[in-house]
Structure formats: structure tokens, C-alpha cells
Amino acid sequence: MALRILVCVKRVPAPGARITLTADHSAIDVKNLGFTTSPHEECAVEEAIRLVEQHGGEATVLTLGAAEAEEQLRYAISVGIVKAVHISHPSLVGESDWDPQATAAALADTIASIEAADGAFDLILFGNESADAGGFQVGVRVARKLGRPIVNGIKSIEVGDTAVVAQRESTSGFEVYNLPLPAVLGVKEGLNLPRYPTLPGRLRSKKAEISAVAAEPIAGGLLTESFDNAAELVVQTTMLGTGEDAAPAIVDLIERLGLL
Amino acid sequence: MSEVLAIFEHDRGVAAETSFQSLGFARALLAAGVGSSITAVVIGAEADALAHDLGAYGASSVVLIHHAELTDYAPEAWGEAVAELIALRSPAAVVATGTDRGNEVLAYASAIADLPFAANVTEIRSVGDASLDLTRVRWGGSLLERSKLVAATYVLSGAAHVFDGEPSPDHIGATAATETVDATLPDTAARTRITDRVTLSSGITLTTAAVVVSGGRGVGSAEGFAPLVELADLLGGAVGCSRVVTNNGWRPHSDQVGQTGKRIAPELYIACGISGAIQHWVGMMASKHVLAINTDGEANMVGKAEYAVIGDLHKILPAVSAEIRKRRTP
Ligand SMILES: Cc1cc2nc3c(=O)[nH]c(=O)nc-3n(C[C@H](O)[C@H](O)[C@H](O)COP(=O)(O)OP(=O)(O)OC[C@H]3O[C@@H](n4cnc5c(N)ncnc54)[C@H](O)[C@@H]3O)c2cc1C
Ligand SMILES: Nc1ncnc2c1ncn2[C@@H]1O[C@H](COP(=O)(O)O)[C@@H](O)[C@H]1O
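Residues numbered from 1 in each chain as written. Chains lettered and ligands numbered in written order. Predicted model: local features only at pLDDT ≥ 70, side-chain atom pairs only at ≥ 80, totals over all residues. Heavy atoms only, no water.

Enquirer: Just to check I follow, could you spell out the interface of chain A and chain B for this structure?
Expert: Interface size is often expressed as the accessible area that is lost when the parts come together. Contact residues are listed per partner, giving 83 residues for chain A and 89 residues for chain B. Interface area, chain A with chain B, both sides summed: about 7,100 Å², of which 56% is carbon and sulfur. Counting every contact that joins chain A to chain B gives 11 salt bridges. When the shortest N-O distance is used, the salt bridge between R146 of chain B and D228 of chain A registers 2.7 Å. Seen at the junction of chain A and chain B, the total is 46 residue pairs in polar contact (both at pLDDT 80 or more). The biggest single contributor to the side of chain A that touches chain B is helix α6 (residues 247-256) of chain A, with nine residues. Among the residues forming the side of chain A that touches chain B, the class breakdown is 40 nonpolar, 23 polar and 20 charged. (Contact = heavy atoms within 4.5 Å. Buried area = accessible area lost by both parts, 1.4 Å probe. Salt bridge = Lys/Arg side-chain N within 4 Å of Asp/Glu carboxyl O. Polar contact = N/O pair within 3.5 Å; in protein donor to acceptor, adjacent residues only side chain to side chain. Helix = DSSP H or I, 4+ residues; strand = E, 2+ residues; numbered from the N terminus. Nonpolar A, V, L, I, M, F, W, Y, C, P; charged D, E, K, R; others polar.)

Enquirer: Is there a simple way to think about the site of ligand 1 in this case?
Expert: Around ligand 1, the surrounding shell holds 29 residues, and the nearest of these are R217, S242, S275, Q279 and N294 of chain B. Chains contributing residues near ligand 1 are chains A and B. One nitrogen or oxygen atom from the side chain of R217 of chain B is found 2.5 Å from an oxygen atom belonging to ligand 1. In the environment of ligand 1, an oxygen atom lies 2.6 Å from a nitrogen or oxygen atom belonging to the side chain of S242 of chain B. Cavity membership is defined here by more than half of the atoms lying within 2 Å of grid points; on that basis ligand 1 lies in the second largest pocket. Contributing elements (two or more residues each) for the shell around ligand 1: α5 (243-247), α6 (278-284) and β14 (289-294) of chain B. Looking at the shell around ligand 1 residue by residue, the classes come out as 10 nonpolar, 15 polar and four charged. (Near = heavy atom within 4 Å. 1 Å grid on protein atoms, 1.4 Å probe; cavity = no way out; pocket = protein on both sides within 12 Å on 5 of 7 lines; lining within 4 Å. Sits in = over half its atoms within 2 Å of the grid points.)

Enquirer: Quick question: what am I supposed to make of the site of ligand 2 here?
Expert: Residues and elements named next belong to chain A. Taken together, the neighbourhood of ligand 2 is formed by 18 residues, with C8, E41, L64, S130 and V138 sitting nearest. Within the backbone of Q137, one N or O atom sits 3.0 Å away from an oxygen atom of ligand 2. One of the backbone nitrogen or oxygen atoms of V138 is found 2.9 Å away from an oxygen atom of ligand 2. Burial of ligand 2 by the protein chains amounts to 97% of its free accessible area of 480 Å². Secondary structure elements with two or more residues in the shell around ligand 2: β4 (57-64), α3 (100-118) and β6 (123-127). The leading source of residues in the shell around ligand 2 is β4, at three residues. For the shell around ligand 2, the residue count by class is eight nonpolar, seven polar and three charged. (Areas by Shrake-Rupley, 256 points an atom, 1.4 Å probe, with all protein chains shown as cover.)

Enquirer: Help me understand the packing of α3 of chain A against helix α4 (residues 138-146) of chain A in this model?
Expert: Angle between the axes and distance between the axes: these two values describe a pair of packed helices. Residue and element names in this part refer to chain A. Taken N-terminus to C-terminus, the directions of α3 and α4 make an angle of 45 degrees; their axes are 9 Å apart at the nearest point. With respect to α4, the axis of α3 lies oblique. Of the two possible hands of crossing, α3 and α4 adopt the one that is right-handed. Each of P100, Q101, T103, A104, A105, L107, A108 and I111 in α3 lies in contact with α4, whose residues at this interface are V138, R141, V142, K145 and L146. For the contact of α3 with α4, the per-class residue count stands at nine nonpolar, two polar and two charged. (Axes fitted to C-alpha atoms, helices over the stretch in contact; angles between N-to-C directions. Parallel < 35°, antiparallel > 145°, perpendicular 65-115°, else oblique. Left-handed = near helix turned anticlockwise from the far one by under 90°.)

Enquirer: Would you mind showing me how to read the confidence of the model for chain B here?
Expert: Do not read the predicted coordinates in detail wherever pLDDT is low. Chain-level pLDDT for chain B is 96 on average; 100% of the residues reach the 70-or-more range. Confidence metrics for the complex model read pTM 0.97 and ipTM 0.97. (pLDDT = per-residue confidence, 0-100.)

Enquirer: Even after reading the chapter, I still don't get the nonpolar core, so can you show me in this structure?
Expert: One recurring pattern in soluble globular proteins is that nonpolar side chains are buried together. Grouped together as the largest cluster of nonpolar side chains are 93 residues, with contacts concentrated most on L123, L125, I157 and L185 of chain A. If we skip the residues at most four places from it in the chain, L125 of chain A touches I5, L6, V7, C8, A44, E47, A48, I157, L185 and V187 of chain A. (Core = buried A, V, L, I, M, F, W, Y, C linked by side-chain atoms within 4.5 Å. Buried < 20%, exposed > 50% of the residue type's maximum accessible area, 1.4 Å probe, protein only.)

Enquirer: Looking at this structure, I do not really get the state of the cysteines. What am I missing?
Expert: Note on terminology: disulfide describes a covalent bond linking the sulfur atoms of two cysteines. Scanning the model with the defined rule gives zero disulfides over all chains in all. Distance from the sulfur of C8 of chain A, which forms no disulfide, to the nearest cysteine sulfur (C43 of chain A) is 16 Å. Here C8 of chain A falls in the buried class, since its relative accessible area comes to 6%. Here C241 of chain B stays free of any disulfide, with the sulfur of C272 of chain B as its closest cysteine sulfur at 12 Å. (Disulfide = S-S within 2.5 Å.)

Enquirer: Would you take a moment to explain the sheet that holds strand β15 (residues 307-310) of chain B for this structure?
Expert: In a beta sheet, neighbouring strands are held together by backbone hydrogen bonds and run either parallel or antiparallel to one another. An order of β13(A)-β15(B)-β14(B)-β13(B)-β11(B)-β12(B) is seen for the six strands of this open sheet, with the pairing classed as parallel. In the strand order of this sheet, the two ends are held by β13 (238-242) of chain A together with β12 (238-241) of chain B, each with one partner. On average, each strand axis in the sheet is inclined to that of its neighbour by 20 degrees, with strand direction left out of account. In the sheet, strand β13 (residues 268-272) of chain B pairs with β14 of chain B via five bridges, with the strands oriented parallel. Bridge pairing in β14 of chain B places C272 of chain B opposite I293 of chain B. Lying on the sheet, helix α4 (residues 226-234) of chain B is in contact with β11 (211-215), β12 and β13 of chain B; it crosses β11 of chain B at an angle near 180 degrees. Where helix α8 (residues 313-328) of chain B meets the sheet, its contacts fall on β13, β14 and β15 of chain B, and the angle it forms with β14 of chain B comes to roughly 130 degrees. (Pairing = 2+ DSSP bridges.)

The structure is reproduced here in C-alpha cells:
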């Protein structure tokens, strides 16, 4: 069975040692930051490509975000996704985000119109949570609007003719879910090891056409006001020495902690 | 009288340590002025016995939700059951602990009830007429967000390990009235049921080990992990790693510590060749003691660790293992 798969991805900053905020704490200071696709979603993209390689079909990537989010769509194309759709709005600039209800409504509406034109998606993949907002809900809201089942935290996917078998990590192993198709899954990093773009992939992604969609935000109930860094404990670091000569001091420490 | 519904999480009738924190969160809501009583919600007949203790955690009543489809965890069925209760009782708030299941069930319930949902709340700052000013965590715990939630019923998960999971001092010996509610779930609720389980061998795991020897890019290769494995084995510990390591395929993702990996809290975390990016730090910041081994004295991990050794991990770790063997030989 040839599969039609959709992956929803979000552009997020890639901060280093510490997240720096703007002076008024209204946003992350992104002046010196790189950007990336949320890690769980990178694995969703990879999984979509693998499933198409295995079953045939076609994978599409969808994002709602600022103009710059095109970079993340092109990256997905460079590793093997064929179609890309970008939902934008004048309010989506820089790192601004919509409320989860508004994001989900716009994604669901767009998915419904793509499906009306090109046919239904057998499988829609989300990340378990977005790396920045961590709302833990957009995928579930979209699935409900489309009337499809969703399970989050997925680390293995096998697509059959009428159902998808998906596994989720638990404290003692894995829980196995068996969802009827069409289905939606929220995946976690570790599902696979994402590939890197090839040179032909990069060239293809530069030329690829991205479908632009306009959307209006519906009113949602969760309004972000400002940010603050989580309290970091300040420690006085004790230096145990340099190089291999420090080995006895390290073992002394392990012994002192009762771990030897 | 307005209620706060506290979802009591369990796995086939067995509660986890975090399960009780939803009641601690509900008590914090009452203290902040949201609702005037707590109703614990226990989903599925196999968990009925759990209701006995909940009075001591501040619940004045317990609702046991029964249905043939509620025998094992199924996010859609659980979400439908909670949404049904919201429609039936118009509670002031519905809360759960922000675990995988807690967040998933509340996402489902809020989507079905068409309510907003704030995940991983750490604080209720103030209560308005139909709005709450709250603080929640973003970025896996490295950033706090202040937001306003405007809703008829507040749907909230409390960030794990933030709210009290102990019995309430004000409710010693208290018992809760129990009530059984038969849910009327739609046929579709069964779609997301657990159909099977795969049990992995237990033993020392990354999440339970007292000592974790963890490696980053500085380890250099898959083979480079040999001295880390050796030291972990000697100490009866486990090996961890950074995301760079899993991205390079040097170690499996199950070893990854951090925002998109595991959250761990060993007695001793030995960070070898790990720079200490915020996304790594949030995964191991609960460690009791941290030892950084790094060639760069300026590395973030060195500055944040309780103990540090500056130098090449490939020279230091074999010397540590040799020293341990030496001390253990009588
Ligand atoms: C949304 C998001 C989520 C993320 N989630 C995670 C996560 O879950 N976990 C995670 O780890 N990262 C995560 N990251 C990645 C994170 O930002 C860093 O890129 C990563 O942690 C860096 O790994 P590292 O410390 O091994 O590598 P580097 O930052 O390259 O550091 C290598 C260190 O090794 C030292 N070194 C080099 N050679 C030696 C030697 N011979 N002996 C001793 N020291 C040596 C260097 O001085 C340096 O400090 C995430 C990133 C994003 C954007
Ligand atoms: N702006 C967006 N564009 C596309 N997909 C998104 C967007 N925001 C969230 N998602 C998807 O929804 C998942 C859950 O997001 P969240 O509810 O913010 O944790 C993410 O992992 C993405 O797959």
C-alpha cells in the first residue's frame, strides 16, 4: 500500500549553555543563535522518509511560523521529503508563537484542505512536544479535529494495511498500541537516527516549491506574557587536580560518597 | 461549591510516586483560591482499591469511573472519561501530574471539551475572575513562562516533582466519600488501547544507577566509550551520554541524558567530555554530586559541577579504574 504521510514540524532556536532573554523578558534573545527543527520532529521526518522508502507513496512536511521557518521545510526536503507547506501570518515573526488552540486549528484546517484536494493522509506525525513551548497538546488537538486516534511518546512504528502498530517506552519496557488507519502519532527522539542531507538533496531543496497558506488565529485561552530563567544553583567547584595524577583524588571522592 | 478534579494516575491499579502529586497540586490550587474542595478521579475498576487512601491527601470525595473499555490505559478513553466529567460537573479546575500519561490525558480532555490547557505548571501566581496567572516550564525545564489562562474550567498539569506528594498534614486520618460513575464512552474510545507489552530485562539502568559515567563529543568515537563502560562496570553503575554522541551513532538513544533524553538523579554523575549545554544539564541537574572531566577549564560543565578535573578523559579514566582495582586488591 502506497502511503501518504504528513509531518508537522516547528522551527526553534538552538541555544547553547544558557538561554539569554531580551531586556524586557518578553522573548528569547536570538541574536547569536542558530535555529533547528525540534528534535522529536527531526525523527518524525526521518520516519516518514523511511516509511515511504518501504511502502511507496509520498511524504509532506507542514509548519506554521515566521518566514524563516522555510529553512526547516527546505531541510526536510533535502533529506527526502517531497512536498512542503508553510502557514504564515503577519503576527508570526521571529520567535512569536500562537496559542496551542490557534496553532492546532490552523494546522487542522490546512490539513483538511490539502486532503480535500489531494486525498487523505494515512499517517500524520507530530513530535511528542515542541522543544521550546512544550505545550504537549497540538498533535492531540489536531487529531481530534480530524476525528483520528493519536498516541504520544512513540518510539517504533510499523504500518500495516489497515492499522499501525506503535510502541511507547514505559518504565519496564514498551507498551504496544494498535491504531486503525488513518492515524496520528506523536513521536520521540530515539525512534530512529536521522540521516544527513546529500548534495543532490540540498540542490533539490533549494529549487523546491513551497506551498504558501494564509491563516487567521482563532482566540485561544493560554496567553504567554513573559519569560524567566529557571533558578540555577551557584556552586563553588572543587578542583580535584589535572590529568591522570588526579585519579587517586577521584577515587577518594567515590569512596567518601560510599560508592566504592 | 466548586470542585477541583485531581486525576489520580495509575498503571493497572498500581500508583506511582508522582501519582500523589496531583493531589498536592490540587491543594495548592485551593490555597490559591481556586475551588473549595478536591475530588480525586480514579479511572478504571481495577484501581478501585486505590481510593481508600486519598482522603489523607486532601480529597473530600473520590469518583471511580467504570467502563468495559477502561481496563488498561487508553489515552482516548481516559480523555473522553475526563471530558464527560467536565461536562457533568463543571469543575473549577481539572489537574494531573505532568507525566507522559498525565499530559496526554489532559490534552485529550481539553481538546474534547474545547478548553485551553497549560502543561507543567510550577506556580499559581494569582487568581482572577475567569483567569489564572500561572508559571509553567518551557524548554524541558530550563525556562519559566509566565502566562494567563482564561477559561471556564482550568485544565492544568503540575510539573513533576514540584508539588507535594505526601499526605496532607491537615487531613490526617481523613476518609473520602466514594462514588462510582459509569462512563458512556463513544465506540472510538477503544482505538488507542494498549494491546500488548514488551518487558525488557531489569537490572541496573540509567534511571536507577547510583553512579552514571557519561560521555560527550570529547569521547571521540564509539570505541572511545570502552574506558567509560569499564569504570561504570567497576562501580556497578551505568553509562550515559550527550545528544552529540547518539547523533553520531556512538551509543543508543536509550543512553541519552537531557531534554529529549532521560531525566536522571544518581548519587554521582561523572560528565566526561560534555560541555554542559542547557539541554543536557536539565537531564542531570537533579544528580546529588557532579564531577566534570574536561580538557577545557572554561567549559560550562566545569563551572557548574561540584567537582572537576581538567585533562584528557582517555588518560584519566583508565587511571581511575586502575586505582580502584589497586585499592580493592587485598
Ligand atoms: C531542542 C534541543 C534539545 C536537545 N536535547 C539534548 C539532550 O537531551 N541531551 C543532550 O546532551 N543534548 C541535547 N541537545 C544538544 C545540546 O544543545 C548540545 O549540542 C549537546 O549537549 C553538546 O554535546 P557535548 O557536550 O557532548 O558536545 P560539545 O558541546 O561539543 O562538548 C564537547 C566537550 O568535550 C570536551 N573535550 C573534548 N575532548 C576532550 C577530551 N579528550 N577529554 C575531556 N574533554 C574533552 C570539550 O572541551 C567540550 O567541553 C539538544 C539541543 C536542542 C536544540
Ligand atoms: N507552529 C507549528 N507548526 C507545525 N507544527 C507544530 C507547531 N507547533 C507545534 N507543532 C507540532 O505539535 C507538536 C506538539 O507541540 P506542543 O503542543 O507545542 O508541545 C510538535 O512536536 C509539532 O510536531
